[in-house]
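Per-entry structural report
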Amino acid sequence: MVTLKDVANRAGVSLSTAGAALRGESIVKTTTKELILQAARELGYSTNLPARYLKKGRTGAIAVMIPRILQPYYARLAYAIDAEASRHGLRTIIQQTGYTSMSEESALHRINSMPCDGLILNMSNVDADHLHTMIGNHPTVLLNYHADPPLFDNVASPIASSATTAFGYLRGRGYRRVAIIGGQRIDRFEPDLQAQKTHTHYVMQALESTGLGSPGDFVYCSWSVDGGLDAARVLCTPAAESADRHGTEGAGDTGIPTGGPQPVGDTGRTVEAGTTPPLRERLVDRYDAFYCMNDLIAYGLIRGLRDAGIRVPDDKAVFGNDGIQDPDYMVPRLSTVAVDYDDMARKAVAMLIERINDPSLERAPRREVAECHLVIGESA
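Residues numbered from 1 in each chain as written. Predicted model: local features only at pLDDT ≥ 70, side-chain atom pairs only at ≥ 80, totals over all residues. Heavy atoms only, no water.

Digging into the nonpolar core
I120, F167, I181 and L301 are the most contacted members of the largest nonpolar core, which totals 75 residues. Counting residues per element, this core draws most heavily on helix α13 (residues 341–357), at 9 residues. For this core, the two domains that each supply at least three residues are domain 2 (59–157 + 341–371) and domain 3 (159–238 + 282–339). If you look at the next biggest cluster of nonpolar residues, it comprises 16 residues, including A63, L121, M134 and F152. (Core = buried A, V, L, I, M, F, W, Y, C linked by side-chain atoms within 4.5 Å. Buried < 20%, exposed > 50% of the residue type's maximum accessible area, 1.4 Å probe, protein only. Helix = DSSP H or I, 4+ residues; strand = E, 2+ residues; numbered from the N terminus. Domains from an automatic or database assignment.)

Here is the structure:
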């Protein structure tokens, strides 16, 4: 039977160092830890997790709560967290919360009845005070929770840096007018409403600061492939037909907000809010590029534009956000800013383990931001 001593001898380290590395303790250098883990794999060594955690009064499990496992962003994130937790000898319990405050609270009640040592939560619809009451002193890390100051350790998506990167790239490519597809809609049934508000704020800020548009340059839609298809139909429907379908009060539903003059095409002419733009004008003709709030919208938009006879990138450019899958499988390959899911997982798991190992830790909750990187495809 392979023992811990055999692993230590194979790796050339002390018994205590080998034990600390296999327990996932942060005192061991990364290079040394990898050496020890490799030795354990080669020898076929496995720790007696139930015995170890029973001795410490722990379960060796953490709960990961996400809105929907089939949504690619959350699937990628859950996968990365599970892989990172496994590196530290922890098991993960994945729970879906849904997209409403009621469903999130229900999921949190369920998870509180399960034996686990800590929580990693992506919850956006439970107010901060109520969330604090429900979680109590349980070791917890939140994902994409935007309460300020943070009540718990928090790892956020790089929404500010990704917006800056995206619009800097679009401006550098020479695009002159950009519309945001998927801008926030005030709808209590819309997923991750608070996160969408924050994301929209940074995107609008980047749009204006680069001179590529104004807050009126966006089309509402759900953050899905179907949302992208719907946005394409709105963009490619002549204005007169759109007015007939939606009525004069339907402008807000089609993404053209009321409340001020709206630019028409590239002529510099304006039309007062509430009036009908020139006959047969299409919104799509006002822009040379479209920034989508996530990649799913971009996929739907590209398809919808193609169905309307508009080629990407020959006629119009489309840019995504979040990097949910390898763009090489798309035609055209999608240009996007990809979240570093592994980095997000490392930061979340490290903060959670710190809280688990030291329940009396009194430092203030810390917020970290995941990394991101530009992916240059063919769509923009």
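On we go from here.
Observations concerning a nonpolar patch on the surface
Taken together, I69, L70 and I94 make up a surface patch of nonpolar side chains, about 260 Å² in accessible area. Relative to the assigned elements, I69 resides in the loop between β1 (61–66) and α5 (72–87). Among the residues examined, I69 registers a relative accessible area of 34% and is labelled partly exposed. (Patch = residues over 30% accessible without salt bridge, like charges linked within 9 Å, V, L, I, M, F, W, Y side chains within 5 Å. Areas by Shrake-Rupley, 256 points an atom, 1.4 Å probe, with all protein chains shown as cover. Salt bridge = Lys/Arg side-chain N within 4 Å of Asp/Glu carboxyl O.)

What about the pattern of salt bridges?
One pass over the full model with this rule turns up 18 salt bridges. The salt bridge involving R87 is made with E84; its shortest N-O contact spans 3.1 Å. Residue R87 and its partner E84 are both found in helix α5; the two are separated by 3 residues, about one turn of the helix. Using a relative accessible area of 33% as the deciding quantity, one classes R87 as partly exposed.

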